[in-house]
Amino acid sequence: MGITIREIAKQAGVSPSTVSRVLNRKGNISRETQFKVISVARSLGYPVPDDRVQVEGLVAAGTVAIVYNKRLSPLVTDPFYGAVVAGIEEGLQQLGYRVLLRSIDGADGYAGLFEQDSAGNHNDGLLLVGCDVSLDVLNEAKERDIPVVLVDNESKEGKVDSVVSDNEAAAKCAMEHFHALGHRKIAFIGGPQNHVSLAQRYKGYVSALEDFGMDFRKKWVIFAESVELHGPEIGYEGTSGLMEMPERPTAIFADNDMTALGVLKALHEKGIKVPEEVSVIGFDNIEVSAHTHPRLTTMHIPKMQMGSLAARRLVDLIQGMDVAPIKTVVYATLVIRDSTTHLSM
């Protein structure tokens, strides 16, 4: 089913009738509203004639592609990256850029990113979202001198712009909260360690154990084997196993909120009270975390701000400003809700 005028209207913040008038060149619509509607329509893949984009000087400053792995499709509904992309789109559209969403599958299917469309348009810059976008895309873009910014990812060589969160420090903050509540037996459930952000969160967990003089217990550390299995499933299975052990942890740190949902479900099914018997902390502060039972304590990442900062940085690169690579770090904050409490002695 194709994109509808109603969907365009919702994202552009206007009425469906306004969208219709803009696309059909009817009525007296401000240039600002026209540009907003046309930008949103094109970003959603709605067929807008090129001559309509350029009418009355309404010309986009350029085109930017948001590139992501196909496993995240549809990207806009992902609880974490959907908010990041909303920040990117808002920032780019305010700066007059047309935005395209492009999913790729591993190292394949990215050739079209570097080709002109039928109207002779090309991508002026790329935003690579997430850790599982093939670096082949980055290397090809460098060869073609196309600006790139990584989002929620970074290059080990440090020679490409990136916008990331302070994952390691944030994980240590979560552990500090556990420690302050009297917890010393803390388990960790997370995703695969080839994912940069997730590896940093695990590193923060291990570092905090050392800082607070707590024992590292390998049996209390559980990883999903792949990003596809990372989420409620590993949270549920991991917690079920932990609760069967002769010596159980009194707290569980999940490296994202979706994993924490599985943790809470497993504890509920086993009749283990949260937080009276086991405290739980998640990570990301996605919308659903405020509506779990009990409400989830978590680390908040300013996701839309990450997207907005990435958009602005990419436009600077496109315009040739301050081209030396920059790593931008956004700081996470602890959101204390109902899933953590003092350890009962």
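Look above for the structure.
Residues numbered from 1 in each chain as written. Predicted model: local features only at pLDDT ≥ 70, side-chain atom pairs only at ≥ 80, totals over all residues. Heavy atoms only, no water.

**Quick notes on the sheet that holds strand β1 (residues 62–69)**
Convention followed: One bridge is not enough; two strands pair if DSSP finds at least two bridges between them. Secondary structure follows DSSP: runs of H or I at least 4 residues long count as helices, runs of E at least 2 residues long count as strands, and numbering of each begins at the N terminus. Here, axes are lines fitted to C-alpha atoms. For helices the fit covers the stretch in contact, and angles between N-to-C directions go from 0 to 180 degrees. We call two residues contacting when some pair of their heavy atoms lies within 4.5 Å.
The strand order β2-β1-β3-β4-β5-β11 describes an open sheet built from 6 strands, whose pairing is parallel. The open sheet has two edge strands with one neighbour each: β2 (97–104) and β11 (327–330). Shown here is a sheet whose adjacent strand axes are inclined to one another by a mean of 20°, direction ignored. Pairing between β1 and β2: 8 bridges, direction parallel. Bridge pairing in β2 links Ala65 to Leu100. Across the sheet, helix α6 (residues 135–143) is in contact with β2, β3 (125–129) and β4 (148–151); its angle to β3 comes to roughly 165°.

**Describing the pattern of salt bridges**
Keep this limit in mind: Any carboxyl oxygen of Asp or Glu that lies within 4 Å of a side-chain nitrogen of Lys or Arg is treated as forming a salt bridge with it. Buried means the residue's accessible area, taken with a 1.4 Å probe over protein chains only, is under 20% of the maximum for its type, while exposed means over 50%, and partly exposed covers the values in between.
Applying the stated criterion across every chain yields a total of 11 salt bridges. Close ionic contact of Asp132 with Arg71 constitutes a salt bridge, the shortest N to O distance being 2.3 Å. Within this pair, whereas Asp132 is found in the loop between β3 and α6, its partner Arg71 is found in the loop between β1 and α5 (81–94), the two being separated by 61 residues in sequence. Judged by its relative accessible area of 30%, Arg71 falls in the partly exposed class. One salt-bridge network, held together by shared partners, links Lys185, Arg217 and Glu247.

**Describing unusual backbone geometry**
Residue Val274 is joined to Pro275 through a cis peptide bond whose omega torsion reads 10°. In the segment running from His293 into Pro294, the intervening peptide bond is cis, with an omega of -5°. Note on placement: Pro294 falls in the loop between β9 (279–284) and β10 (297–300). A positive phi angle, close to 60°, is found at Asp152, a residue other than glycine. Secondary-structure assignment places Asp152 in the loop between β4 and β5 (161–165).

**Quick notes on the packing of aromatic side chains**
Where we set the bar: Two aromatic rings, drawn from Phe, Tyr or Trp (for Trp, its six-membered ring), form a pair once their centres lie within 6.5 Å of each other, and the interplanar angle then sorts them: stacked below 30 degrees, edge-to-face above 60, tilted otherwise. Comment: the charge-over-ring label is applied if NZ (Lys) or CZ (Arg) is within 6 Å of the ring centre and within 35 degrees of the ring normal.
Within this structure, the stated rule accounts for 8 aromatic pairs. With a centroid separation of 5.0 Å and 90° between ring planes, the pair formed by Phe80 and Tyr81 is classed as edge-to-face. A residue is classified by how much of its surface remains accessible, and Tyr81, at 6% relative accessible area, is buried. Their ring planes at 80° and their centres at 5.7 Å tell us that Phe188 and Phe253 sit as a pair that is edge-to-face. Of this pair, Phe188 sits in strand β6 (residues 186–190) while Phe253 is found in strand β8 (residues 251–254), placing the two residues 65 residues apart along the sequence. Across this residue pair, the class does not change: Phe188 and Phe253 are buried. The ring centre of Tyr236 lies 5.4 Å from the NZ or CZ of Lys265, which sits over that ring.

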